[in-house]
Amino acid sequence: MRIGAEYAGTEALPAKRSKEVAGKRFRELGYAGGVSGNSGWDAESRHLPVPELVDEEDQTDGKAGAAKGVDSRSEAEKIYQAAVAGKPNPIGSMREAAKVPYGHLAKDGVIEYNGVVFVCDERTNSICLGDMTDEKNVLNIPLSGGGHLKVNRNSIGLLSKAAGMFSPEDLNLIMRAIAEDTKIQSVKKEIEDEEAGVGNQLRGDGAAEAEKSHGEEGDI
């Protein structure tokens, strides 16, 4: 047993030396590192990128798609690349946008919320409350998300019942528009009243003058 162990030891030594000699020769030829088994390697090779294996069939399909102009990217990849490039979400553009404000609540062109009925007008991108026949009596309110809310002044009181339908930004816009319109209408009424008063006064003065003139003629 002892002799076998010594024999084994003597066999391992030449093999080790042969690897050292081979490594020395590789270094002399300008290669870093040494030899491991039947293949040479260096420290940097462990950090080199490993090429990905591509299935020939997938590669063929990709070329065919590119030739046909078909975008073979996944939806997640499209969204990521658009976000990196600062472009809008490409998937969002595929969804059909509502043609009027709060159009997602509409059914057959009508929005009914808490008993209040709004009629959708896609032509003007508006939702309408009340009679729209007389445009002079309609309040046109721009909304934060685009489009308008059109309200007949006689139907403004109904908006309080539908307040929960609107966003906080739109509620502020609506309340501000109503307050401003109320002030404008009040000023207009004052002006009309003053004009009417002046007209009445002029008519009164004219009638008095005519009556006075008629009396003077009778005296003559």
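Sequence order as written defines the numbering, with residues in each chain counted from 1. With the structure being a predicted model, the display of local features is reserved for residues of pLDDT at least 70 and the display and counting of side-chain atom pairs for 80 or more, all residues being used for whole-chain, interface and lining totals. Hydrogens are left out, water is left out, and the side-chain values use all remaining heavy atoms of the structure.

## Some remarks on the overall build of the chain
- Within the chain, the regular secondary structure consists of 4 helices and 7 strands.
- Helices and strands in the chain line up, N terminus first, as α-β-β-α-α-β-β-β-β-β-α.
- Two residues qualify as a contact provided that any one of their heavy atoms is within 4.5 Å of a heavy atom in the partner residue. Taking contacts inside the chain between residues at least 6 apart in sequence as the whole, the part at least 24 apart equals 37%.
- With residues, only the protein chains shown are counted as cover, and all accessible areas are computed by Shrake-Rupley using a 1.4 Å probe. Counting only carbon and sulfur atoms, one obtains 54% of the accessible surface of the chain, whose full area is about 17400 Å². Labels follow the DSSP assignment, with helices taken as runs of H or I lasting at least four residues and strands as runs of E lasting at least two, numbered in each case from the N terminus.

## Some details on the nonpolar core
- Of all hydrophobic cores here, the largest spans 20 residues; its most connected members are Ile111, Phe118, Ile127, Leu149, Leu159, Phe166 and Ile174.
- Residue assignment for this core shows that the elements contributing at least two residues are strand 4 (116-121), strand 5 (126-129), strand 6 (138-142), strand 7 (148-152) and helix 4 (168-219).
- In this structure Ile111 touches Pro101, Tyr102, Leu105, Ala106, Val116, Val117, Phe118, Cys120, Ile127 and Met165, once residues within four positions along its chain are discounted. The term nonpolar core refers to a set of buried residues drawn from Ala, Val, Leu, Ile, Met, Phe, Trp, Tyr and Cys, joined through side-chain atoms within 4.5 Å. Accessibility here uses a 1.4 Å probe with only protein chains present; expressed as a share of the type maximum, an area under 20% marks a residue as buried, one over 50% as exposed, and anything in between as partly exposed.

## Some thoughts on the confidence of the model for the chain
- pLDDT measures the predictor's confidence residue by residue and takes values from 0 up to 100. Averaged over all residues, the pLDDT of the chain equals 73, while 53% of them reach at least 70.
- Scored below 50 in pLDDT, residues 33-48 shows 12 contacts in the model against residues more than four places distant or in partner chains.

## Quick word on the layout of surface pockets
- The rule is simple: put a 1 Å grid over the protein atoms alone, call a set of points where a 1.4 Å probe fits but cannot get out a cavity, call an open set with protein on both sides within 12 Å along at least five of seven lines a pocket, and count a residue as lining if it has an atom within 4 Å of a point. Grid points are joined across faces, edges and corners, and a volume is the space filled by probe spheres set on the points. Looking at the largest pocket, its volume works out to about 160 Å³.
- As for the largest pocket, its lining consists of Asp121, Arg123, Thr124, Cys128, Met132, Glu135, Val138 and Lys150.
- Under the grouping applied here, Gly and all other residues not named as nonpolar or charged are polar, the nonpolar ones being Ala, Val, Leu, Ile, Met, Phe, Trp, Tyr, Cys and Pro and the charged ones Asp, Glu, Lys and Arg. Its residues placed into classes, the lining of the largest pocket shows 3 nonpolar, 1 polar and 4 charged.

## Concerning the side chain of Asp181
- Take Asp181: it is sitting in helix 4.
- The contact partners of Asp181, leaving out residues within four places of it in the chain, are Leu139 and Arg153.

## Points about the sheet that holds strand 4
- Strand order in the open sheet formed by 5 strands is 3-4-5-7-6, and the pairing between neighbours is mixed. The strands lining the two open edges of the sheet, one partner per strand, are strand 3 (110-113) and strand 6. Mean inter-strand twist for the sheet, computed between neighbouring axes without regard to direction, equals 25°.
- Two strands pair under a simple rule: DSSP has to find at least two bridges between them. Examined bridge by bridge, strand 6 and strand 7 share 5 bridges and lie antiparallel to one another. Counterpart to Asn140 in the pairing with strand 7 is Lys150. Axis definition: a line fitted to C-alpha atoms, limited for helices to the stretch in contact. Angles are taken between N-to-C directions and run from 0 to 180 degrees.

## Notes on a nonpolar patch on the surface
- Together, Val110, Val117 and Val119 make up an exposed nonpolar region whose accessible area comes to about 200 Å².
- Assignment of secondary structure puts Val110 in strand 3.
- Accessibility expressed as a relative area gives 31% for Val110, which makes it partly exposed. Patch members must show over 30% relative accessible area and no salt bridge, and they are joined within 9 Å when carrying like charges or within 5 Å when they are nonpolar side chains of Val, Leu, Ile, Met, Phe, Trp or Tyr. The rule for a salt bridge is simple: a side-chain nitrogen of Lys or Arg has to be within 4 Å of a carboxyl oxygen of Asp or Glu.

## A look at unusual backbone geometry
- Residue Tyr102 is not a glycine yet carries a positive backbone phi of 60°.
- If you trace the backbone, Tyr102 turns up in the loop between helix 3 (75-84) and strand 3.
- Tyr102 gets classed as buried once you look at its relative accessible area, which sits at 15%.

## Re the pattern of salt bridges
- Taken as a whole and judged by the stated rule, the model has 2 salt bridges.
- Asp181 is paired through a salt bridge with Arg153; the nearest N and O atoms lie 2.8 Å apart. Of this pair, Asp181 sits in helix 4 while Arg153 sits in the loop between strand 7 and helix 4; the two residues are 28 residues apart in sequence, bridging distant segments of the chain.
- For Arg153, a relative accessible area of 21% corresponds to the partly exposed category.
- With a closest N to O distance of 3.3 Å, Asp193 and Lys189 form a salt bridge. In this pair, Asp193 and Lys189 are both assigned in helix 4, 4 residues apart and thus about one turn of the helix distant.

## As for the environment of Cys128
- Tracing the backbone through its elements, the reader meets Cys128 in strand 5.
- Since its relative accessible area comes to 9%, Cys128 is described here as buried.
- Linking Cys128 and Val117, residues 11 residues apart in sequence, is a C-alpha distance of 8.5 Å.
- If we ignore the near neighbours within four places in the chain, the residues touching Cys128 are Val117, Phe118, Val119, Asp121 and Lys150.

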